[in-house]
Amino acid sequence: FIALLMASIVTALIAGLSAQKMIVTIQEGMGSTLGFVATIVGLGAMFGAILEKSGGADAIARYLIKKAGLKKSPLALGFTGLIISIPVFFDVAFILLIPIIYSIQKNTRKSLLMYAMPLLAGLAFGHSFIPPTPGPIAVAEIIGAEMGWVILTSIIIGIPTVILCGVLFGKFIAKRIHIDSPELALVPSNEDANRNKRMPSFGLTIGIVFLPIVLILLKTCFDSGLIGVNNTLVIELVALVGHPFSALIIANIVAWILLGIQKGYSANELSKISIQSMAPAGAIILVTGAGGVFKQVLVNTGAGKLLAELLLNAGVSVIFFAYLSAAIIRLLQGSATVAMITAASLLAPLLIAGMYSPLQMAAMVAAIAAGASIFSHVNDSGFWLVKQYLGLTENQTFKSWS
């Protein structure tokens, strides 16, 4: 957060902005970005917390694995990760589902990586590509992409990506690195046992997870003319419920009632769950705001326009620049979310003059998300999380997860 603000201030001063203009630029960039992002990230964090605490994530994983059977469990785990990481943060979802991987490995005696890689691929993809996770929300807002198109594009890209990078690569690497589940696998606590008693059904959980996504996509279909309706009342209603604010508020209320109150959670418990979910969201909101400041400095100083001209003269495509800038920042500092926000800040001024369709703008978001997801290594907390829970050496973690 501080690093991005300092970079913004130094850039502004070098470019010749006065102190007064610089302060106004910081306020403008922070305010214009967080007006949307802070609301979405906050609502998304609360939504993910109730799904996690109610056992909804477990319900999805157990159902898909049961239906797929042990033979197709890697594929089921890939799609479990993809679905669960939409509302739940990557590290929380991984820790939550790791006992299921341990259990499958002990039954099959195959390498743990055969089951871990598909799950991790799904989790990593959902975390970086599909709203309402913070990264794509922030990028879409900074560069001006429509949320429905971002969701649609990400889902289309996600299916082959998870199969290739998770299921197929998992089989490949499992033949070369054999890892057994740790002997001291996680022992369920009384809280876990209690949660299992109250675990919701798969149908209910999956319906709640996709409720906000369906509402947002419905609005996109209306806006793009894919669904032609002349009734003004219907159009206004869809515009209201399909906005990400309304969609996530509705999803939260439905989750509190069906996964909370009806499963025996008290109002006090639900309040605690919601409040605790704000801790990781706070840091993400601040970093996103600072990314918005950096973008605004590049726009107001004309540095973005200069960068665009240099790229055009060099023959570099905008979408390749989006990918490459995110990839470089990811390699340097580790965090996928920070890489996405910074890359979007660099890209936004380049798009001002361009006439890009909603689908092309969504593709820009996907390019940034892809660049920000590459080669997790020692400066990324995810690297150490995967190493620790899978019982890998650093070398094995590089060869598999990285």
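Our subject is the structure listed above.
Note that this is a predicted model, so its numbers are computed, not measured.

Procedures and definitions
- Residues numbered from 1 in each chain as written.
- Predicted model: local features only at pLDDT ≥ 70, side-chain atom pairs only at ≥ 80, totals over all residues.
- Heavy atoms only, no water.
- Helix = DSSP H or I, 4+ residues; strand = E, 2+ residues; numbered from the N terminus.
- Rg over C-alpha atoms; globule rule 2.2 N^0.38 Å.
- Buried < 20%, exposed > 50% of the residue type's maximum accessible area, 1.4 Å probe, protein only.
- Contact = heavy atoms within 4.5 Å.
- Expected span 1.5 Å × (residues − 1).
- Patch = residues over 30% accessible without salt bridge, like charges linked within 9 Å, V, L, I, M, F, W, Y side chains within 5 Å.
- Areas by Shrake-Rupley, 256 points an atom, 1.4 Å probe, with all protein chains shown as cover.
- Salt bridge = Lys/Arg side-chain N within 4 Å of Asp/Glu carboxyl O.
- Lys, Arg positive; Asp, Glu negative; His and termini not counted.
- Charge placed at Lys NZ, Arg CZ, Asp CG, Glu CD.
- Core = buried A, V, L, I, M, F, W, Y, C linked by side-chain atoms within 4.5 Å.
- Phe/Tyr/Trp six-rings, centres within 6.5 Å; stacked < 30°, edge-to-face > 60°.

(A) A look at the overall build of the chain. Within the chain, the secondary structure is distributed over 20 helices and zero strands. For the chain, whose C-alpha radius of gyration is 22 Å, the value lies close to the compact-globule estimate of 21 Å for 402 residues. Projected onto its principal axes, the C-alpha coordinates of the chain cover approximately 65 × 55 × 40 Å. Burial analysis of the chain (402 residues in total) assigns 52% to the buried set. Counting only contacts in the chain whose residues sit at least 6 apart along the sequence, the fraction spanning at least 24 positions is 81%.

(B) Helix α18 (residues 358-371), seen in detail. The terminal C-alpha atoms of α18, which comprises 14 residues, lie 20 Å apart, in line with the 20 Å expected from a rise of 1.5 Å per residue. Met361, Ala362, Met364, Val365, Ala366, Ala367, Ile368, Ala369 and Gly371 are the residues of α18 that are buried. Along its buried surface, α18 packs onto α6 (113-129), α7 (134-143), α8 (147-174), α16 (318-333) and α17 (336-351).

(C) Broad picture of a nonpolar patch on the surface. Together, Leu75, Ile155, Ile159, Ile163, Leu164 and Leu168 line one region of the surface with nonpolar side chains, adding up to about 470 Å² of accessible area. Per-element accounting of the nonpolar patch gives the leading share, five residues, to α8. In this fold, leucine 164 is placed in helix α8.

(D) Summary view of a positive patch on the surface. A surface patch of like charges, here positive, comprises Lys71, Lys72, Lys110, Lys171, Lys175 and Arg176. Its location among the elements puts lysine 110 in the loop between α5 (90-108) and α6. With a relative accessible area of 44%, lysine 110 lands in the partly exposed category.

(E) Representation of unusual backbone geometry in the model. In this model, proline 131 is joined to proline 132 through a cis peptide bond whose omega is 10°. Its location among the elements puts proline 132 in the loop between α6 and α7. Despite not being glycine, arginine 109 has its phi angle at roughly 65°, a positive value. In this fold, arginine 109 is placed in the loop between α5 and α6. Owing to a relative accessible area of 57%, arginine 109 belongs among the exposed residues under this scheme. A positive phi angle, near 35°, is found at phenylalanine 375, a position not held by glycine. Since its relative accessible area comes to 38%, phenylalanine 375 is described here as partly exposed.

(F) Examining the nonpolar core more closely. Residues Leu120, Ile143, Leu347, Ile368 and Leu390 are the most contacted members of the largest nonpolar core, which totals 128 residues. Per-element tally for this core: the top contributor is helix α2 (residues 19-53), with 15 residues. What leucine 390 contacts, discounting residues up to four positions off in sequence, is Phe94, Ile98, Leu112, Leu113, Ala116, Leu120 and Ile179.

(G) Focus on the packing of aromatic side chains. All told, the structure shown has nine aromatic pairs when counted by the stated rule. Both rings, one in phenylalanine 125 and one in phenylalanine 129, keep their centres 4.0 Å apart while their planes meet at 5°; by these two values the pair is stacked. With phenylalanine 125 and phenylalanine 129 both in helix α6 and four residues apart, this pair spans about one turn of that helix. The same class applies to phenylalanine 125 and to phenylalanine 129, which are both buried. Following the ring pairs from residue to residue traces out a cluster consisting of Phe375, Phe383, Trp384 and Phe398.

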